[in-house]
Amino acid sequence: MPMPKNKFVSQITAGEAIQDLFLLAEKNLAQKRDGNSFLTITLADRTGQIRGVVWDHLEKAAAKVGDFVQVQAAANEYRGTLQLVVKSLTTVPVLEVNPADFLPVTSRDVEQMFTRLRSLTDSIASPFLKALMNAFWGDVEFVRLFKRAPAAKKMHHAYLGGLLEHTLSMALLVDKIASHYSGVDRDLLLVGAVLHDVGKLREFTYDHVIDYTDEGRLLSHIVIGVEMVDAKARTIEGFPPGLIAMVKHMIVSHHGVREFGSPEPPKTIEAVLLNHIDEIDARVNAIREFMATEDPEATWTSFHRLMERQFFKGSTNSNQE
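Okay, so let's go over this structure. (Residues numbered from 1 in each chain as written. Predicted model: local features only at pLDDT ≥ 70, side-chain atom pairs only at ≥ 80, totals over all residues. Heavy atoms only, no water.)

1. Concerning the environment of Glu264
Here is step 1 of the chain: Among the secondary structure elements, Glu264 is positioned in the loop between helix H8 (241-252) and helix H9 (269-292).
Here is step 2 of the chain: As a C-alpha pair, Glu264 and Val252 span twelve residues in sequence and 6.3 Å in three-dimensional space.
Here is step 3 of the chain: Excluding its chain neighbours within four sequence positions, the residues that come into contact with Glu264 are Val252, Ser253 and Arg258.
Here is step 4 of the chain: Only 3.0 Å separates the side chain of Glu264 from the side chain of Arg258, close enough to count as a polar contact.
Here is step 5 of the chain: Polar contacts involving the side chain of Glu264 include one to the side chain of Lys267, which spans 2.7 Å. (Helix = DSSP H or I, 4+ residues; strand = E, 2+ residues; numbered from the N terminus. Contact = heavy atoms within 4.5 Å. Polar contact = N/O pair within 3.5 Å; in protein donor to acceptor, adjacent residues only side chain to side chain.)

Spelled out as structure tokens, the structure:
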């Protein structure tokens, strides 16, 4: 039987004594002013993360990042932020933990999302692009992982089902945008939206915790995705080399610039559109997730370090007088 988890990160308040299970998400060694060492850690569960410090007896905190740990601590506020002062931290075997306590899950119906995505790809007119999508959808193991995979470890859609949610949202945007500009290959853009992140099925591990696989760290989801698409295309007799090159270009360029991991920048109209559609969906989701963790009574969020701004949470009703 899995060990019960009674207190989630989102429920912790200052002044509480905590004795519960968490995932050790980060662990760093630091030094006090007197030269002695201490640990800064991040503990996590499916509701969020909380920072912690281990001041003394560091030899009793030998757990590694990615381990599940039983923590005894006191919750307090430090510089306006909730933290845990950890007294003990003991590794717990994976088999004694309920993964559902630690892996956040999409709030949307996975089967409904997948059915809607399939209906969009069924509308593809190009026989080779439709065959490519059917090759993926006919792969039972691929579909199983595609429905479960996260879209990221932290930034956006970082939960089970997140990749499917992100992909469907992008595909729906493609369906609206493609007809707005003349000359856009709607089928190619749609396939690019569906396949741009398929490498994340193998870039991440998501059985007990969302983290990078060795393959993911070594190759990235872009390289893995190109390999996956190439393998499926080879099963389709007569697939035009120029067309599969266009599909691969959508994958390698969807981050927009080399600094963000794309081997090449977008060099077709469809690739440019895909890059911006991806950015729109990822940014909006990341901002909404950030807002959801903030004080519901506050008009403004706290400062978002990566985006370097605060976000307004008040009413934006343009009809108000």
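2. Quick look at the packing of aromatic side chains
Here is step 1 of the chain: As enumerated under the stated definition, the model contains ten aromatic pairs in all.
Here is step 2 of the chain: With a centroid separation of 5.1 Å and 90° between ring planes, the pair formed by Phe114 and Trp137 is classed as edge-to-face. Residue Phe114 is located in helix H1 (residues 110-121), and its partner Trp137 is located in helix H2 (residues 127-137); the two are separated by 23 residues in the primary sequence. Considered together, Phe114 and Trp137 belong to a single accessibility category, that of buried residues.
Here is step 3 of the chain: Pairwise contacts between aromatic rings join Phe114, Phe136, Trp137, Phe142 and Phe146 into one cluster.
Here is step 4 of the chain: Sitting above the plane of the Phe8 ring, Lys5 keeps its charged end 5.2 Å from the centroid.
Here is step 5 of the chain: The ring of Phe8 has Arg46 sitting right over it, with the charged end atom 4.4 Å from the ring centre. (Phe/Tyr/Trp six-rings, centres within 6.5 Å; stacked < 30°, edge-to-face > 60°. Buried < 20%, exposed > 50% of the residue type's maximum accessible area, 1.4 Å probe, protein only. Lys NZ or Arg CZ within 6 Å of the ring centre and 35° of its normal.)

3. So, the sheet that holds strand E2 (residues 37-45)
Here is step 1 of the chain: In space, the five strands of this closed barrel follow the order E1-E2-E3-E5-E4, with mixed pairing throughout. Each strand axis lies, on average, 50° off the axis of its neighbour in the sheet, ignoring direction.
Here is step 2 of the chain: In terms of strand pairing, E2 meets strand E3 (residues 48-54) through seven bridges, oriented antiparallel. Following the sheet pairing, Ala44 is matched in E3 by Gln49. (Pairing = 2+ DSSP bridges. Axes fitted to C-alpha atoms, helices over the stretch in contact; angles between N-to-C directions.)

4. Thoughts on the pairing of E3
Here is step 1 of the chain: Here E2 folds back onto E3 in antiparallel fashion, the turn holding two residues.
Here is step 2 of the chain: Strand direction decides the pairing type here: E3 and strand E5 (residues 81-92), joined by three bridges, are parallel. Bridged to Arg51 within E5 is Gln83.

5. Regarding helix H5 (residues 186-195)
Here is step 1 of the chain: Buried residues dominate H5, accounting for nine of its ten residues.
Here is step 2 of the chain: Looking only at H5, the buried set comprises Asp187, Leu188, Leu189, Leu190, Val191, Gly192, Ala193, Val194 and Leu195.
Here is step 3 of the chain: Between the side-chain oxygen at the start of H5 and the backbone nitrogen of Asp187 there is a gap of 3.2 Å, and the oxygen is on Asp185.

6. Brief notes about the packing of H5 against H9
Here is step 1 of the chain: Two elements in contact, H5 and H9, have axes whose closest approach is 10 Å; the angle formed by their N-to-C orientations is 40°. By the criterion of interaxial angle, the relationship of H5 to H9 is oblique. In terms of crossing hand, the pair formed by H5 and H9 is right-handed. Note on element contacts: H9 touches H5 through Glu270, Leu273 and Leu274, opposite Leu188, Leu189, Gly192 and Ala193.
Here is step 2 of the chain: Residues that form the contact of H5 with H9 fall into these classes: five nonpolar, one polar and one charged. (Parallel < 35°, antiparallel > 145°, perpendicular 65-115°, else oblique. Left-handed = near helix turned anticlockwise from the far one by under 90°. Nonpolar A, V, L, I, M, F, W, Y, C, P; charged D, E, K, R; others polar.)

7. Regarding the pattern of salt bridges
Opposite charge on two side chains permits pairing when their charged atoms draw close.
Here is step 1 of the chain: Taken as a whole, this structure holds 19 salt bridges when the rule is applied.
Here is step 2 of the chain: For Lys5, the salt bridge is made with Asp20, and the minimal N-O distance between the two is 3.9 Å. Taken as a pair, Lys5 in the segment before strand E1 (17-31) and Asp20 in strand E1 lie far apart in primary sequence, 15 residues in all.
Here is step 3 of the chain: Exposure remark for Asp20: the relative accessible area of 2% places this residue in the buried category.
Here is step 4 of the chain: Between Arg217 and Asp211 there is a salt bridge, with the nearest N and O atoms lying 3.3 Å from each other.
Here is step 5 of the chain: Classification of Arg217 by relative accessible area gives exposed; the value is 56%.
Here is step 6 of the chain: Since its relative accessible area comes to 18%, Asp211 is described here as buried.
Here is step 7 of the chain: Residues participating in the shared-partner salt-bridge network are Lys5, Asp20 and Asp45. (Salt bridge = Lys/Arg side-chain N within 4 Å of Asp/Glu carboxyl O.)

8. Concerning the environment of Arg288
Here is step 1 of the chain: Counting through the fold element by element, Arg288 comes out in helix H9.
Here is step 2 of the chain: What makes Arg288 exposed here is its relative accessible area of 61%.
Here is step 3 of the chain: Taking the C-alpha atoms as reference, Arg288 lies 34 Å from Thr90; in sequence the two are 198 residues apart.

9. Focus on the nonpolar core
Here is step 1 of the chain: By size, the foremost hydrophobic cluster in this structure holds 55 residues, and its most contacted members are Leu132, Trp137, Phe142, Phe146, Leu195 and Val247.
Here is step 2 of the chain: Counting only elements with at least two residues in this core, the list comes to H1, H2, helix H3 (140-148), helix H4 (162-177), H5, helix H7 (214-233), H8 and H9.
Here is step 3 of the chain: When residues of this core are assigned to their parent elements, the largest contribution, seven residues, is made by H5.
Here is step 4 of the chain: Among residues more than four places away in sequence, those in contact with Leu132 are Val191, Leu195, Val229, Lys232, Ala233, Ile236, Phe239, Ile244 and Val247. (Core = buried A, V, L, I, M, F, W, Y, C linked by side-chain atoms within 4.5 Å.)

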